[in-house]
Amino acid sequence: MKISFAGFILCGLMMMTKASCDGGDDATCDASSSTSCGCNANRVDVNRVASKRVSTQHHGASESATNGMVFIEGGVFTMGTDVPVFVADGEAPARRVKVHDFYMDVHEVSNADFRRFIDDTNYETEAESFGNSFVAEYYLSDDVKADIDQAVEAAPWWLPVKGADWRHPEGADSNLEGRDDHPVVHVSWNDAVAFCAWAGKRLPTEAEWEFACRSGKEDRLFPWGNKWTPRGAFYANIWDSGEFPVENGALDGFAATCPVTSFPASDFGLKNMVGNVWEWTADWWTIRHNALVLHEDPKGPEEGKDKVKKGGSFMCTKGYCYRYRCAARSQNTPDSSAHNLGFRCAADKDKRPSYLSHIEL
Ligand SMILES: [Cu+2]
């Protein structure tokens, strides 16, 4: 069985730093807690990644095979923040960034969309080939939990669950019934790249993603502003109440994923940019940024170990993992997959495939 436990050792260590972030003002969360496993569950043996890629040729995608996209007019914006919550995540410094026009998926890629890709290509996701993926204990049945090895049981809430993959989000005894319009999860960065290529799209760069998230607003935490629930309304799906990771109040209506069509769209017409599931971006991870120059369509480092993910997920909580902000970021190895990690695609202005009309799910 190919399960790597190193990630859990990391998680275990990070657990010990949890207290520094709990309960208090998040702006004081110290650097050591920034890689908390609330956000990360990495595969460690990255060697297996390169062997499996589908053809990047776009074949068979039809009008109904993809989410709708919105045209996003480029511009200059402030990326990152000078008031970082997680210093070690490289949220700071704020720097001026220019992005050119592009298209962005309105929604996170849904299970229905992903199924079209699989039916068309017979692509096998990395979670399927590894035979497991990461799910938090809170979401598992007793049967599934009983089947998890002792060594893992002793670790924190992220568990490598046998048989967990995009069709079985909570392990072998789960399925997608009633969740066609939920975001696909347990997709690695490599899987996401394969899907986007099939759809004639690509992953957004981190800069594009954050520009899209901010939807024209400067110096705001969320796509809609600074208040989490303006006038008492919910705009996104996080672990909003209850003691993480054992009690989930789900005041926003969802303890796990929600339909990708849920909640109001941003001023740019995008849904669930923060919360619901983490979204892969194209960029390699770095925490070093130069605030002295204007960056034009930055694409991140040439190489790296981890890929950047943005937006936070249904598992993010303010007291523990306040990463459902546009400036927040986290990282995973490109072969990693998890219950709260999905993606959406972007496309170049001049490469917009003809079938990408505005289709609502
Ligand atoms: Cu988080």
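Structure shown above.
To start, this report covers the structure provided alongside it. (Residues numbered from 1 in each chain as written. Predicted model: local features only at pLDDT ≥ 70, side-chain atom pairs only at ≥ 80, totals over all residues. Heavy atoms only, no water.)

**Side note on the packing of aromatic side chains**
Part 1 of the argument: A full pass over the atoms with the stated rule returns 27 aromatic pairs.
Part 2 of the argument: Measuring from ring centre to ring centre gives 5.1 Å for Phe77 and Phe211, while their planes differ by 70 degrees; the resulting arrangement is edge-to-face. In this pair, Phe77 sits in strand β2 (residues 75-79) while Phe211 sits in helix α7 (residues 206-214), placing the two residues 134 residues apart along the sequence. Comparing Phe77 with Phe211, the two get one shared label, buried. (Phe/Tyr/Trp six-rings, centres within 6.5 Å; stacked < 30°, edge-to-face > 60°. Helix = DSSP H or I, 4+ residues; strand = E, 2+ residues; numbered from the N terminus. Buried < 20%, exposed > 50% of the residue type's maximum accessible area, 1.4 Å probe, protein only.)

**What to know about unusual backbone geometry**
Part 1 of the argument: Of note, the amide linkage connecting Ala92 to Pro93 takes the cis form, showing an omega dihedral of -5 degrees.
Part 2 of the argument: Mapped onto the elements, Pro93 comes out in the loop between β2 and β3 (95-99).
Part 3 of the argument: Along the chain, Phe244 connects to Pro245 via a cis peptide bond; the corresponding omega equals 0 degrees.
Part 4 of the argument: At Asn122, a residue that is not glycine, the phi angle is positive and equals roughly 55 degrees.
Part 5 of the argument: You will see that Asn276, though not glycine, has its phi angle at about 65 degrees, which is positive.
Part 6 of the argument: Along the chain, the position of Asn276 falls in the loop between α7 and β7 (278-284).
Part 7 of the argument: Since its relative accessible area comes to 0%, Asn276 is described here as buried.

**Focus on the packing of helix α2 (residues 111-121) against helix α6 (residues 189-198)**
Part 1 of the argument: For the pair α2 and α6, the least separation of the axes is 10 Å and the interaxial angle reads 80 degrees. Judged by the inter-axis angle, α2 sits roughly perpendicular to α6. Contacts between α2 and α6 involve Asp113, Phe114, Arg116, Phe117, Asp120 and Thr121 on the former and, on the latter, Ala194, Phe195 and Trp198.
Part 2 of the argument: Tallied by class, residues from the contact of α2 with α6 come to five nonpolar, one polar and three charged. (Axes fitted to C-alpha atoms, helices over the stretch in contact; angles between N-to-C directions. Parallel < 35°, antiparallel > 145°, perpendicular 65-115°, else oblique. Contact = heavy atoms within 4.5 Å. Nonpolar A, V, L, I, M, F, W, Y, C, P; charged D, E, K, R; others polar.)

**Considering the sheet that holds strand β8 (residues 295-296)**
Part 1 of the argument: Spatially, the three strands line up as an open sheet ordered β2-β3-β8, and their pairing is mixed. The strands lining the two open edges of the sheet, one partner per strand, are β2 and β8.
Part 2 of the argument: Looking at chain direction, β2 and β3 are connected through five bridges and run antiparallel. When the sheet's bridge partners are listed, Met79 is paired in β3 with Arg95. (Pairing = 2+ DSSP bridges.)

**Overview of the sheet that holds strand β4 (residues 102-105)**
Part 1 of the argument: If you trace the three strands from one edge of the open sheet to the other, you get β1-β4-β12, paired in antiparallel fashion. In this open sheet, the two strands that pair with only one neighbour each are β1 (69-72) and β12 (346-348). Strand-to-strand, the axes of this sheet are offset by a mean angle of 25 degrees, without reference to chain direction.
Part 2 of the argument: The sheet strands contacting α7 are β1, β4 and β12, and the helix crosses β4 at an angle near 70 degrees.

**Here's the deal with the environment of Phe114**
Part 1 of the argument: Along the chain, Phe114 falls in helix α2.
Part 2 of the argument: Between the alpha carbons of Phe114 and Arg167 there is a distance of 10.0 Å; along the sequence they are 53 residues apart.

**Examining the pattern of salt bridges**
Part 1 of the argument: Using the criterion set out here, one finds 19 salt bridges in the structure.
Part 2 of the argument: Here Asp105 ties to Lys201 by a salt bridge, and the two come within 2.6 Å at their closest N and O atoms. Placement of Asp105 in strand β4 and of Lys201 in the loop between α6 and α7 is noted, with a sequence separation of 96 residues between them.
Part 3 of the argument: Overall, Lys201 belongs to the buried group, its relative accessible area being 9%.
Part 4 of the argument: In this structure, Lys145 and Asp142 form a salt bridge, with 3.9 Å as the shortest nitrogen-oxygen distance. (Salt bridge = Lys/Arg side-chain N within 4 Å of Asp/Glu carboxyl O.)

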